[in-house]
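Each chain, written out:
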Amino acid sequence: MRIDAYMQVSQLYNTNKAKKSVAAEKAGATDSLEISDFGNAYQVAKQAAAQGSSVREDRVKDIQARLAAGTYNVSIEDVADRLAEQLLA
């Protein structure tokens, strides 16, 4: 392969010159961001959920007291119903 011949061909077709990209032509344009109403509502709800406690202390204390006293009884039918609700919903 002759390098000098390759260089002459590339000079003929101007393949060594960098081409302007579309982004370079639009250098004056600025970027912008728009958040939809749903996205904004989602962000607000996510922040509210992060600030709130995920544990209901009053329920936990009540169940702990009932367990300690031996009065906490759960019906197996109630457990099955709630499980079926969650799985089928």
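Above this text is the structure in question.
The rules behind these values
- Within each chain, residue numbers correspond to sequence positions counted from 1 in written order.
- Reporting of local features is limited, given that this is a predicted model, to residues whose pLDDT is at least 70; pairs of side-chain atoms are given and counted only at 80 or more, and all residues count toward the totals for whole chains, interfaces and linings.
- Based on all heavy atoms of the structure, the side-chain values leave hydrogens and waters out of the count.
- Only DSSP runs of H or I covering at least 4 residues are called helices, and only runs of E covering at least 2 are called strands; the numbering of each starts at the N terminus.
- Only protein chains enter the accessibility calculation, which uses a 1.4 Å probe; a residue is then buried when its area is under 20% of its type maximum, exposed when over 50%, and partly exposed in between.
- Every accessible area reported is derived by Shrake-Rupley at a probe size of 1.4 Å, with residue values counting cover from the shown protein chains alone.
- For patch detection, residues must exceed 30% relative accessible area and be free of salt bridges, and they are connected within 9 Å for like charges or within 5 Å for nonpolar side chains (Val, Leu, Ile, Met, Phe, Trp, Tyr).
- Definition used for salt bridges: Asp or Glu carboxyl oxygen within 4 Å of a side-chain nitrogen of Lys or Arg.
- Positive charges are assigned to Lys and Arg, negative charges to Asp and Glu, while His and the chain termini are left out of the count.
- Each charge is placed at NZ for Lys, CZ for Arg, CG for Asp and CD for Glu.
- Every helix has an expected span of 1.5 Å times one less than the residues it contains.

(A) Highlighting the overall build of the protein. Counting secondary structure elements, the protein contains five helices and zero strands. Residue burial in the protein is summarised as follows: out of 89 residues, 2% are buried. Only carbon and sulfur atoms are counted for the fraction: they give 55% of the accessible area of the protein, which is about 9000 Å².

(B) Quick look at a negative patch on the surface. On the surface, a cluster of negative charge is made up of Glu 77, Asp 78, Asp 81 and Glu 85. The residue Asp 81 is located in helix α5 (residues 76-88) in this model. Judged by relative accessible area, which is 47%, Asp 81 ranks as partly exposed.

(C) Examining helix α3 (residues 37-51) more closely. Between its first and last C-alpha, α3 extends 21 Å over 15 residues, near the 21 Å set by a 1.5 Å rise per residue. Judged by how many residues are buried, α3 sits mostly at the surface: one of 15 residues are covered.

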